[in-house]
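# Residue-level structural notes
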Amino acid sequence: MPVCSLLLFVATSAEEAALKEQAGKLGLDFQKDADLTRYFQERGLRDEAWTLGAIGGETVVAVGCSRVKGHALMGPHGRLGSAAKGVRYLAATGAQGIIQVGMA
């Protein structure tokens, strides 16, 4: 059974804050989900996760930025880059799509 149908990726704390603010305005629950984070960790994925619930026809999960020694790691390349991260989270969740918040 899929964990969600849509993933939202955030790369910075500012994007996380903006997503949280907008979720609040829309009356969506935006809480860190310890069980989901643990589920990801069991699959070798170390990022924090939040559930947003159902939005339209989608079940939405937000995933925080990758960090190395507490510092956000951004960019498209490498094992923790957005491309590889997207592939791994799609496989772990069964999601059909990804939105990378704040990316041009």
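The following refers to the structure shown. Predicted, not measured: the structure shown is a model, and the values here were computed from it.

## Examining the overall build of the chain
Helix and strand content of the chain: three helices and seven strands. Mapped in sequence order, the helices and strands of the chain form the string β-α-β-α-β-β-β-β-α-β. Across the 104 residues of the chain, 36% fall into the buried class. For the chain, restricting intrachain contacts to residue pairs at least 6 apart in sequence, the fraction spanning at least 24 positions comes to 53%. Accessible area for the chain stands at about 6,200 Å²; split by element, carbon and sulfur atoms hold 57% of it.

## Quick notes on the sheet that holds strand E1 (residues 6-9)
If you trace the five strands from one edge of the open sheet to the other, you get E2-E3-E4-E1-E7, paired in mixed fashion. At either margin of the open sheet sits one strand with a lone partner, and together these are strand E2 (31-32) and strand E7 (97-100). Inspection of the sheet shows E1 paired to E7 by four bridges, in the parallel sense. Paired with Leu 7 across the two strands is Ile 98, which belongs to E7.

Reading the values: rules and limits
- Throughout this description, residue numbers start from 1 for each chain and increase along the sequence as written.
- The predicted nature of this model means local features are confined to residues of pLDDT at least 70 and side-chain atom pairs, given and counted, to a pLDDT of 80 or more, with totals for whole chains, interfaces and linings taken over all residues.
- To get the side-chain values, all heavy atoms of the structure are used, and hydrogens and water are removed first.
- To qualify as a helix, a DSSP run of H or I must reach at least 4 residues; to qualify as a strand, a run of E must reach at least 2; elements of each kind are numbered from the N terminus.
- Working definition: with a 1.4 Å probe on protein chains only, accessible area under 20% of the residue-type maximum means buried, over 50% means exposed, and in between means partly exposed.
- Should any heavy atoms of two residues lie within 4.5 Å, those residues are counted as being in contact.
- Accessible surface area values rest on a Shrake-Rupley calculation with a 1.4 Å probe, where residue burial reflects the displayed protein chains alone.
- Two strands pair under a simple rule: DSSP has to find at least two bridges between them.

Purely geometric numbers; function is a separate question.
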